[in-house]
Amino acid sequence: MTDTPESTRMNMIQAINSAMDVMMDRDPDIVVMGEDVGYFGGVFRATAGLQSKYGKTRVFDTPITECGIIGVAVGMGAYGLRPVPEIQFADYIYPALDQLVSEAARLRYRSAGEFTAPITVRSPFGGGIFGGQTHSQSPEGIFTHVSGIKTVIPSTPYDAKGLLIAAIEDNDPTIFFEPKRIYNGPFDGHWDRPTQNWSQHPAGDVPTGYYKIELGKAKVVRPGEALTILAYGTMVHVALSVIAEAGVDAEVIDLRTLVPLDIETIEASVQKTGRCMIVHEATRTSGFGAELSALVQERCFYHLEAPIERVTGFDTPYPHSLEWAYFPGPVRIGEALKKIMKDA
Amino acid sequence: MASDRVPAHLKPNLPPLSLYVPEPKFRPGDTVDFTQVAIPAAGETRRPDTADRADSFTDLAYQMVRVLDENGQAVGPWNPRLSPDMLRAMLRSMALVRAFDERMFRAQRQGKTSFYMKCTGEEAVAVAAAFALDYEDMCFPSYRQQGLLIARGWSMVDMMNQIYSNTADRLHGKQLPIMYSVKEAGFFSISGNLATQYPQAVGWAMASAAKGDTRIAATWCGEGSTAEGDFHSACTFASVYRAPVIFNVVNNQWAISSFSGFAGAESTTFAARAVGYGIAGLRVDGNDALAVYAATAWAAERARTNQGPTLIEHFTYRAEGHSTSDDPGQYRSAGEPTAWPLGDPIARLKDHLIAIGEWDEERHAAQDKDLAEQVKAAQKEAEANGVLGHGLHQPLDSLFDGVFEEMPWHLREQQAQMIAEETASGRPWARK
Ligand SMILES: Cc1ncc(C[n+]2csc(CCOP(=O)(O)OP(=O)(O)O)c2C)c(N)n1
Ligand SMILES: [Mg+2]
């Protein structure tokens, strides 16, 4: 899949930066825009160096209006460009909701394909950085609920780059949520222990050139027999560390794309293991886990040997000081693991 | 994809369009020269009657209300003629805000909390406004108006408790540091989402008017935040219903790394936003406490006499980083803060008091020392209630309080689940 064998160590920010760099180099219609993304290179440095390389008309700062950023991206898309807007934090995406839901997501359908919105909205999401309620949210369930938007969430630098390239090439609007807790390393859920760095992780080895990971394809990150764990983003690593500590032979599936979902991989796994646990950091009620649970129940009911378990954030705003009590970490997953494996 | 392609729709007889993208005058390493910034002389701008129609003084949106001149004298029609006691009280409040900021910034650097934001160089904007408003008037601030609380005499210990998310934090550790909420002092809960407070202030003001109350509302946002739709919704509502509200736009030239040009400052002033909405607009020297006071008092009088809203642009400068997460050396010239032509608001008020023989350097130095001691004492008291990260300051199950007035079944279930988890974990938290 790669057109160059060269690879190098990257953290997730560098991999995301590299994806945009590679794509901007290949396609002059790609533009990057957002608050502080230009000269400064973004508050998380994801767009660092792009403006000096591709110029101000392709990489530019915007006024602070998320509604404007997405609306302008839709208009640029209508002209024929391929915008990659950044929303500084997922918590600030709400002012853009009308442009995303009523416009970007509906354009192809309502114009019979005359107009489309080939935009990729990047946004850091998720908690675990003491960011309080406005720098911590996981609003993916709001977007998976909207027909016409794809939702992608990477869990490693390698995947982040390959998925972002695929999202940019995709002709439909895509929300690309970046789990900021794992920008620097695969956080295992133990907030009181040092976090491993991506340089020590195999998926921190990232090709420098072009490659893509097809949207809608999940990845079995750990094959197993005892149960299936469905996760994405940060929670993939938390789940992996919990089952390693518990010594459970779980099959861990990183969904990577929530919409469109790789239902075949999920079905095959649950039909094999007979047990399914869903893990996400977002709040529980109407979260994406509810959809997953319904699908698994509809398609694998006669294979299930235990009720499906959902491990999620609680149905509260993200608290500042109690953030580790909120976070669905090793204890919450561990308890659910005991429950689902009780009669095994 | 090839750039030499000439599409059929390109008209050969017309010049090609080009996209304009603003660029600030100075970047890191550049020598700063602010002579381009037009600063009218103090006392020069006229002061209309508060009963005048907004469309009769639209020129004020493009000028600058200034009272303190280069010699420290208060001049012109906007001079609020405050008593020396009042001037000293204002100076003291501004210096206290700065001392508080210094101390809390350092506390964050020492790992005692997660986040802090200073308002250095902008102290006059909030402090002078607080002095000009009635204590009962309702404030809808952004995160940079800690000066309102200090000037209203609110407890620094209480503010610090919030910053530390400690046992005495009235917000129960639920909110990011500095996102205060102090209803008792007429200070609305600060949101992390920009400009949301703007239409809320209008709603409060409309309610006050509808009820025949006498209180007015005031709100603040940065110049960068005026781009948000909420700002414009607020202006429209305020104009339509002539709401008794004061809109303050704190133009400190920067929005994190984006200069004011990305909010439209290259084309017009922020005060001029008022003109399009048909509401009163003033542009004020934000580093001149007397000008801020006078403009606020003028706007308050308009609001209180049913003349409707006023938008005040406070022309000032963010002398330090955006927050503890920011390094301004990455995107702007280090020479900017000192070259800023409107000086430092504390120094200017101090010089005025000295010029009129009501203050001196010794008293100022002694006051600074005293204020630093007061802040230090408050910090000690607050830290006795704990600092962020050192143990658990709120009962675990309080996580679920305040989502709704009454806790529905699903939250009760999750609460019980959490307690069971913590007990099972054997973590120190569980034993608390
Ligand atoms: C809706 C929303 N978008 C983006 C942000 C991120 N953000 C926080 S402060 C800030 C800059 C605001 O600048 P300005 O309005 O000029 O206020 P200042 O910080 O200068 O006081 C940005 C972009 C946010 N908090 N809320
Ligand atoms: Mg600003």
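Please read all numbers here as calculations on a predicted model, not as lab measurements. (Residues numbered from 1 in each chain as written. Chains lettered and ligands numbered in written order. Predicted model: local features only at pLDDT ≥ 70, side-chain atom pairs only at ≥ 80, totals over all residues. Heavy atoms only, no water.)

Before going further, it helps to spend a moment on the packing of aromatic side chains. Following the criterion strictly, the structure yields 26 aromatic pairs over all chains and no others. Relative to Tyr241 of chain B, the ring of Phe237 of chain B lies with its centre 5.8 Å away and its plane at 35 degrees, an arrangement referred to as tilted. On the criterion of helical spacing, the pair formed by Phe237 of chain B and Tyr241 of chain B is a turn pair, its members being four residues apart in helix α6 (residues 229–241). According to the relative accessible area criterion, Phe237 of chain B is partly exposed, its value standing at 45%. Joined through ring pairs, the aromatic side chains of Phe26, Phe34, Phe315, Tyr317 and Trp340 of chain B make up one cluster. The residue whose ring lies beneath Arg45 of chain A is Phe40 of chain A, and the NZ or CZ to ring-centre distance is 4.6 Å. For the cation-ring pair, Arg27 of chain B lies above Tyr39 of chain A, with the distance from its terminal atom to the ring centre recorded as 3.5 Å. (Phe/Tyr/Trp six-rings, centres within 6.5 Å; stacked < 30°, edge-to-face > 60°. Helix = DSSP H or I, 4+ residues; strand = E, 2+ residues; numbered from the N terminus. Buried < 20%, exposed > 50% of the residue type's maximum accessible area, 1.4 Å probe, protein only. Lys NZ or Arg CZ within 6 Å of the ring centre and 35° of its normal.)

Turning to the interface of chain A and chain B, a few remarks are in order. Taken together, the contact between chain A and chain B spans 46 residues of the former and 50 residues of the latter. Our enumeration of links across chain A and chain B arrives at two salt bridges. Between Arg332 of chain A and Glu421 of chain B there is a salt bridge, with its nearest N and O atoms 3.1 Å apart. Put simply, chain A and chain B have 15 residue pairs in polar contact (both at pLDDT 80 or more) between them. Those elements that provide at least two residues to the side of chain A that touches chain B are β3 (59–61), α3 (66–79), α11 (323–326) and α12 (330–340) of chain A. When its residues are assigned to classes, the side of chain A that touches chain B shows 21 nonpolar, 13 polar and twelve charged. (Contact = heavy atoms within 4.5 Å. Salt bridge = Lys/Arg side-chain N within 4 Å of Asp/Glu carboxyl O. Polar contact = N/O pair within 3.5 Å; in protein donor to acceptor, adjacent residues only side chain to side chain. Nonpolar A, V, L, I, M, F, W, Y, C, P; charged D, E, K, R; others polar.)

Turning our eyes to something else, we now look at the environment of Asp262 of chain A. All names here are of chain A. Residue placement: Asp262 occurs in the loop between β12 (257–259) and α9 (263–273). As a C-alpha pair, Asp262 and Ala218 span 44 residues in sequence and 5.6 Å in three-dimensional space. Other than its neighbours up to four places away in sequence, Asp262 contacts Gly216, Lys217 and Ala218. A polar atom in the side chain of Asp262 sits 2.7 Å from the side chain of Thr265.

Right, let's get into the pattern of salt bridges. Overall, the coordinates contain 39 salt bridges over all chains when judged by the stated rule. Salt-bridge contacts for Glu305 of chain A lead to Arg275 of chain A; the nearest nitrogen and oxygen are separated by 3.2 Å. Here Glu305 of chain A, found in the loop between α10 (288–300) and β14 (309–313), pairs with Arg275 of chain A, found in the loop between α9 and β13 (276–283); they are 30 residues apart in sequence, far enough to count as distant. With a relative accessible area of 53%, Glu305 of chain A lands in the exposed category. Ionic pairing is found between Arg53 of chain B and Asp55 of chain B, a salt bridge with its closest N-O pair at 2.8 Å. Here the salt bridges share partners, and the residues they tie into one network are Arg66, Glu70, Asp285, Asp288 and Arg348 of chain B.

Residue and element names in this part refer to chain A. When you tally the buried positions in strand β11 (residues 250–254), you get five out of five residues, the bulk of the element. Every second residue of β11 is oriented toward a common face, with Ala250, Val252 and Asp254 on one face and Glu251 and Ile253 on the other, all of them buried. Across three bridges, strand β9 (residues 219–222) lies against β11 in antiparallel orientation. Bridge pairing in β11 links Lys219 to Asp254. With five bridges connecting them, strand β10 (residues 227–231) and β11 associate as parallel partners. From the neighbouring strand, Leu230 faces β11, where its bridge partner is Ile253. Remark: the β10/helix α8 (residues 234–246)/β11 crossover connection has right-handed handedness. (Pairing = 2+ DSSP bridges. Right-handed = clockwise from strand over helix to strand, strands pointing away.)

Moving on, we come to the confidence of the model for chain B. Taken over all residues, the pLDDT of chain B has a mean of 95, while the share at 70 or more is 97%. Under the prediction, the complex receives an ipTM of 0.96, its pTM being 0.96. (pLDDT = per-residue confidence, 0-100.)

Attention now moves to the coordination of the magnesium ion (ligand 2). Residue and element names in this part refer to chain B. Every protein donor of the magnesium ion (ligand 2) is listed here as Glu223 (OE), Asn252 (OD1) and Trp254 (O), and their distances to the metal cover 2.1 to 2.2 Å. Site description for the magnesium ion (ligand 2): donor spacing in sequence, E-x28-N-x1-W. A residue pair is termed long-range when its members are at least 10 positions apart, and Glu223 in the loop between β2 (217–222) and α6 and Trp254 in strand β4 (residues 254–255) qualify at 31 residues. Looking at Glu223, the relative accessible area reads 1%, which means it is buried. (Donors = N, O, S within 2.8 Å, 3.2 Å for Na, K, Ca; no water.)

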